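# Results of the structural survey
Residue strings, one per chain:
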Amino acid sequence: MKKRLLLFILFTLLSIGNGCQVRSAHFEGQRALKHVQALCELGPRPAGQEANRKAAEYIGNTLQRYGWSVEKQSFIYSREALQNVIAKRGKGPLVVIGTHFDTRPIADRDPTDRSRPILGANDGGSGTAVLLELARVLDESVFQNIEVWLVFFDGEDRGDLGGWAWCVGSQHFVASLRRRPEYALIVDMVGDQDQRIYYEWSSTLWLQEKVWRIANELGYSKHFIPRYRYRIIDDHTSFLTMGIPAAVIIDFDYPYWHTLQDTPDKISPQSLQRIGDVLEYLLEKEPLGASGN
Ligand SMILES: [Zn+2]
């Protein structure tokens, strides 16, 4: 009798223990905000500079800690050494989720001082933070169905300065691709308080429809508005020019864009949360196929 009771207790404890192990993590906006703050503590992070390399290290170390295999893709552009950080996991059709981690070297839209670099809490910080937190929480089952690459592009934001093009990191990345991704979804400038994300004119329609429908199902229809607003050059453009379906999730109505006021206090953890929830749902529930399929 005593022995049975002990066994029962032991079994119960084991079950509880197991329960804890299988309970999967979910995206936390507050944790993503911590990444924004940590990146901004490095200072402005323009392509080719020391703080940029430190950001790449921070990204790589975080991803490795979360169990991803990490590659640094180094290349030279305009005599500067740049690097994309690529995290890979899973097996199956390839899905790319991307963002840029570099920041604009000059605050060329600042109303008072256009001589200094921006901190890039939203522009460079928010997308990076969302992808890092996503890397922590994605369910193991995702990696049985698809291969996910989280790609952190360098050199997106030095366009039109000193003869630089926009999106040089993603251009280098797509030119060296040896596999064709099913699609690439780019995240940029998603952290502001007043979050409203519209369709973008050049993005692949079925991919936008799918992402916006998921957002709607999650109750985020006030923030994901399925109407066109801007045409934007961002890292999705590099994929589109190669004929790869691609879309950008961006809230371009951000008054601090390319100014010295793009600082962590402008970032809302709830906004990061919504983007994380949408991406987590997409990859865990229906990573492949057009909307409604
Ligand atoms: Zn920018």
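Check the entry above for the structure.
A brief report on the enclosed structure follows. (Residues numbered from 1 in each chain as written. Predicted model: local features only at pLDDT ≥ 70, side-chain atom pairs only at ≥ 80, totals over all residues.)

## What to know about the overall build of the protein chain
Counting its secondary structure elements, the protein chain contains 9 helices and 8 strands. The C-alpha atoms of the protein chain give a radius of gyration of 20 Å, which matches the 19 Å a tight globule of 293 residues would have. C-alpha extents for the protein chain along the principal axes are approximately 80 × 40 × 40 Å. Buried residues in the protein chain amount to 45% of all 293 residues. (Helix = DSSP H or I, 4+ residues; strand = E, 2+ residues; numbered from the N terminus. Rg over C-alpha atoms; globule rule 2.2 N^0.38 Å. Buried ≥ 20, exposed ≤ 12 C-beta atoms within 10 Å, placed from the backbone.)

## Notes on the sheet that holds strand S8 (residues 246–250)
Pairing in this open sheet of 6 strands is mixed, and the strands run S1-S2-S4-S3-S5-S8 from one edge to the other. Two strands lie at the open edges of the sheet, namely strand S1 (69–77) and S8, each paired on one side alone. In this sheet, adjacent strand axes meet at a mean angle of 20° when their direction is disregarded. Bridge analysis of strand S5 (residues 183–188) against S8 gives 5 bridges, and the strand direction is parallel. If you follow Ile186 over to S8, its bridge partner there is Val248. Contacts from helix H6 (residues 168–175) reach S1, strand S2 (80–90), strand S3 (94–100) and strand S4 (147–153) within the one sheet, and its direction differs from that of S2 by about 55°. (Pairing = 2+ DSSP bridges. Axes fitted to C-alpha atoms, helices over the stretch in contact; angles between N-to-C directions. Contact = placed C-beta atoms within 7 Å.)

## Considering unusual backbone geometry
At Met189, a residue that is not glycine, the phi angle is positive and equals roughly 50°. If you trace the backbone, Met189 turns up in the loop between S5 and strand S6 (197–200). Residue class for Met189 comes out buried when judged on the 27 C-beta atoms lying within 10 Å of it. Phi angles above zero are rare outside glycine, and His258 is one such case at about 55°. Within the fold, His258 resides in the loop between S8 and helix H9 (269–285).

## Some remarks on helix H7 (residues 205–217)
The terminal C-alpha atoms of H7 lie 18 Å apart, and with 13 residues this matches the ideal 18 Å at 1.5 Å per residue to within 8%. Residues of H7 that are buried: Leu207, Gln208, Lys210, Val211, Trp212, Ile214 and Ala215. Taken together, the buried residues of H7 touch S5, S6, strand S7 (224–230), S8 and H9. Just downstream of H7 lies Gly219, where phi reads positive at about 90°. (Expected span 1.5 Å × (residues − 1).)

## What to know about the pairing of S6
Where S6 lies against S7, 4 bridges are found, and the strand directions are parallel. Among the inter-strand pairings, Tyr199 is bridged to a residue of S7, identified as Tyr228. Taking the sense of rotation as the criterion, the β-α-β connection linking S6, H7 and S7 turns out right-handed. (Right-handed = clockwise from strand over helix to strand, strands pointing away.)

## A look at the packing of helix H4 (residues 121–137) against H9
Close contact between H4 and H9 brings their axes to 10 Å; oriented N to C, the two are set at 50°. One way to sum up the angle between H4 and H9 is to call them oblique. Crossing of H4 against H9: the hand is right-handed. Seen from H4, the contacting residues are Ser126, Ala129, Val130, Glu133, Leu134 and Val137; seen from H9, they are Leu272, Ile275, Gly276, Leu279 and Glu280. Residue classes in the contact of H4 with H9 are distributed as 7 nonpolar, 2 polar and 2 charged. (Parallel < 35°, antiparallel > 145°, perpendicular 65-115°, else oblique. Left-handed = near helix turned anticlockwise from the far one by under 90°. Nonpolar A, V, L, I, M, F, W, Y, C, P; charged D, E, K, R; others polar.)

## Quick notes on the nonpolar core
Counting residues in hydrophobic clusters, the biggest one holds 68 residues, and the most contacted among them are Ile59, Val130, Leu131, Ala135, Leu185, Val211 and Ile249. For this core, the element with the highest residue contribution is H4, accounting for 7 residues. When near neighbours in sequence (up to four residues on either side) are disregarded, Ile59 contacts Val85, Phe101, Thr128, Leu132 and Phe152. (Core = buried A, V, L, I, M, F, W, Y, C linked by C-beta atoms within 7 Å.)

## What to know about H6
Structurally, the α-helix is built with 3.6 residues per turn, so residues lying three or four positions apart point the same way. Among the 8 residues that make up H6, 7 are buried, leaving the element largely enclosed by the rest of the structure. Among all positions in H6, only Val168, Gly169, Ser170, Gln171, His172, Phe173 and Val174 are buried. Next to the buried residues of H6 lie S1, S2, S3, S4 and helix H8 (235–240).

## Quick look at the packing of H7 against H9
Relative orientation of the contacting elements H7 and H9 amounts to 115°, with a least axis distance of 9 Å. In terms of orientation, H7 and H9 fall into the roughly perpendicular class. Here H7 and H9 pass one another in a crossing that is right-handed. Residues Val211, Ile214 and Ala215 of H7 form the contact with H9, whose own contacting residues are Val278, Tyr281 and Leu282. The class makeup of the residues in the contact of H7 with H9 is 6 nonpolar, no polar and no charged.

## Side note on the pairing of S8
Two faces, one strand: in a regular strand the side chains alternate between the faces of the sheet. Among the 5 residues that make up S8, 5 are buried, leaving the element largely enclosed by the rest of the structure. Burial of S8 is two-sided: the residues Ala246, Val248 and Ile250 facing one way and the residues Ala247 and Ile249 facing the other way are all buried.

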